[in-house]
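Structural overview
Single-letter residue listing:
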Amino acid sequence: MPELIQSAILGWGSYLPERVLTNHDFEKMVDTSDEWITTRTGISERRIAADGQATSDLAVEAAQKALECAKCPPEDVDTIIVATVTPDTMLPSTACRVQSTIGANNAGAFDVSAACSGFIYGLKLARGLVASGINKRVLVIGSEVLSRFTDYKDRASCILFGDGAGAVLVGPGNGRGEILYTDCGADGSGADMMIVPAGGSRLPATERTVGDRMHYIRVRGRAVFKFAVNKMVECVHNALAACGYRADDVSLIVPHQVNTRILSAAADRLHIPMDRMYCNIDRCGNTSAASVPIALDEAARNGRLKPGNLLVLVAFGGGLTWGSSLVRW
Ligand code: UT7
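Residues numbered from 1 in each chain as written. Predicted model: local features only at pLDDT ≥ 70, side-chain atom pairs only at ≥ 80, totals over all residues. Heavy atoms only, no water.

1. A few points about the packing of aromatic side chains
Defined as follows: Two rings from Phe, Tyr or Trp (for Trp, the six-membered ring) form a pair when their centres are within 6.5 Å of each other. A pair whose planes differ by under 30 degrees is stacked, one over 60 is edge-to-face, and the rest are tilted. Distance and angle both matter: a charge sits over a ring if NZ of Lys or CZ of Arg is within 6 Å of the ring centre and within 35 degrees of the ring normal.
Scanning the entire structure with this criterion turns up three aromatic pairs. The aromatic ring of W322 is capped on one face by K231, whose charged end is 3.7 Å from the ring centroid.

2. Observations regarding the environment of L4
We count it as follows: By definition, any uninterrupted DSSP run of H or I lasting at least four residues is a helix, any uninterrupted run of E lasting at least two residues is a strand, and each is numbered from the N terminus. With a 1.4 Å probe rolled over the protein chains alone, any residue whose accessible area is under 20% of its type maximum counts as buried; one over 50% counts as exposed, and the rest are partly exposed.
Mapped onto the fold, L4 is located in the segment before β1 (7-15). You can call L4 exposed: its relative accessible area is 53%.

3. Points about the domain arrangement of the chain
Rules: Where each domain starts and ends comes from a domain assignment, either automatic or drawn from a database. Note on terms: buried area is the combined drop in 1.4 Å-probe accessible area of two parts once they are placed together, counting the loss on both. Salt bridges are defined as contacts in which a side-chain nitrogen from Lys or Arg sits within 4 Å of a carboxyl oxygen from Asp or Glu. Pairing of N or O atoms within 3.5 Å defines a polar contact, subject to two protein rules: one partner must be a possible hydrogen donor and the other a possible acceptor, and residues neighboring in sequence count only if both atoms are side-chain atoms.
Looking at the chain, the domain boundaries give domain 1 (7-174) and domain 2 (180-328). A straight line from the C-alpha centre of domain 1 to that of domain 2 covers 14 Å. Roughly 3600 Å² is buried in total at the junction of domain 1 and domain 2, and carbon and sulfur atoms are behind 62% of that figure. Of all residues in domain 1, C116, I120 and Y121 give up the largest surface area on contact with domain 2, accounting jointly for 18% of the area buried on that side. Counting across the domain 1 and domain 2 interface gives two salt bridges. Between the two partners, domain 1 and domain 2, sit 20 residue pairs in polar contact (both at pLDDT 80 or more). Secondary structure elements with two or more residues in the side of domain 1 that touches domain 2: β1, α2 (34-41), β3 (45-48), α5 (118-131), β6 (138-144) and β7 (164-172). Sort the elements by how many residues they give to the side of domain 1 that touches domain 2 and α5 lands first, with seven residues.

4. Regarding the pattern of salt bridges
Summed over all chains, the structure comprises 10 salt bridges. For the salt bridge of D25 with K28, the shortest nitrogen-to-oxygen distance reads 3.8 Å. Note on D25: relative accessible area 22%, which makes it partly exposed. Given the relative accessible area of 70%, K28 is considered exposed. The closest approach of N and O atoms between R283 and E298, which form a salt bridge, is 2.7 Å. In this pair, R283 sits in helix α10 (residues 281-284) while E298 sits in helix α11 (residues 291-301), placing the two residues 15 residues apart along the sequence.

5. Quick look at the side chain of S14
Applicable threshold: Contacts between residues were defined by any pair of non-hydrogen atoms, one from each residue, lying within 4.5 Å.
Residue placement: S14 occurs in strand β1. A relative accessible area of 8% places S14 in the buried class. In this structure the side chain of S14 is engaged in a polar contact, spanning 2.6 Å, whose partner is the side chain of D297. Among residues more than four places away in sequence, those in contact with S14 are A62, K65, A165, G166, I294, D297 and R301.

6. A look at unusual backbone geometry
Between L91 and the following residue, P92, the backbone shows a cis peptide bond with an omega angle of 0°. Following the sequence through the fold, P92 ends up in the loop between β4 (79-83) and α4 (94-102). Of note in the backbone geometry, R213 takes a positive phi value of approximately 60° without being a glycine. Its place among the elements puts R213 in the loop between α7 (207-211) and β10 (218-219). The phi dihedral of H271 is positive, around 60°, even though this residue is not glycine.

7. Section: the site of the ligand
Short version of the rule: Note on definitions. A residue lies near a molecule or strand when any single heavy atom of the residue is within 4 Å of it. Exposure was quantified through the Shrake-Rupley algorithm and a 1.4 Å probe, taking into account, for residues, occlusion by the shown protein chains and nothing else. For this classification, Asp, Glu, Lys and Arg are treated as charged, while Ala, Val, Leu, Ile, Met, Phe, Trp, Tyr, Cys and Pro are nonpolar and the rest, including Gly, are polar.
Lining the immediate surroundings of the ligand are 21 residues, of which T32, R40, R222, N259 and N286 lie closest. A distance of 2.9 Å is found between a nitrogen atom of the ligand and a backbone nitrogen or oxygen belonging to R155. H256 is positioned such that a nitrogen or oxygen atom in its side chain is 3.0 Å from an oxygen atom of the ligand. Compared with its free state, where it exposes 960 Å², the ligand has 76% of that area covered by protein. Elements with a contribution of two residues or more to the shell around the ligand: α2, α6 (155-158) and α8 (221-242). The biggest single contributor to the shell around the ligand is α8, with four residues. Across the shell around the ligand, the residue classes break down as 10 nonpolar, six polar and five charged. There are two domains that each give the shell around the ligand at least three residues, and those are domain 1 (7-174) and domain 2 (180-328).

Following this line, the structure appears as structure tokens:
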């Protein structure tokens, strides 16, 4: 078997739409309060895509920043992976639209559907493509316009979601950004915990399904809460153990931004102080597959990442799915 090639994150970028939806805006839409949303979720505001702005439009913005950061021309990209559950269209993939808009004329392109864990799934695929020598440059993008799939009459879920995109470029490297570990898992027996019930082959869209609001995301919040805390702790433990590290070695956890209470419960159980858990949920809400790469890009730009830092990226979500990665900055 040929020797595997080490891979690294060579560039990063993110994009948030301009429009801000605050908790006070929700007070005018459903029976809720800023106080309830802030204390139960940690969210104060989230970004919402402009009319006509679709998932690939956000993805393009993030991708171009990641390529610029890595000083990589688009023609050098071999594969584009877009993690999303809110594609522009069912057919074709969002990744193909990104490929053509950025001018990545030599790239293959496809979408990954693993909900909030999608970016980590994409990162694992990218790492494998680079490790095997099949590809030299893989663009991994998490992009979501969840606002188009959010039921703004359901107070339990509508306050959670925001729109945005984040991207990284993965290529050969064993210096800054080296990817030490990636792992992903799934448990489809929990498929109903987060679901868009209609619009697929099981229940095609009809006037009735639209009338019953079945084309929107439904979430069993309390069940997801429990799953998320347990799975996040398990994923971080497993990632560290696999590479011979302990919680003390971790400089920063970059988690899926799901709920401040979930992140703080996991931090407690991991014996990691909250200042080592990157949080932007107060400003971004839950952006599903985009949340980890947006947080990573922010942490890098805010000077939170120093050379040699050990980072844990971790996500969990619909499917059920989960994934984690260790990165040496
Ligand atoms: O990334 C994966 C997707 N994310 C998730 O699935 C989120 C994970 N879950 C959570 O973050 C939390 O479970 C929620 C934030 C969704 C809900 O928080 P909770 O502490 O689990 O609340 P709950 O569902 O147990 O509801 C408590 C009460 C209920 O009223 P009663 O039955 O006690 O009278 C709800 O009807 O809060 C009520 N409630 C609200 N009240 C004001 C639910 N949503 C709202 C709201 N404003 N927006």
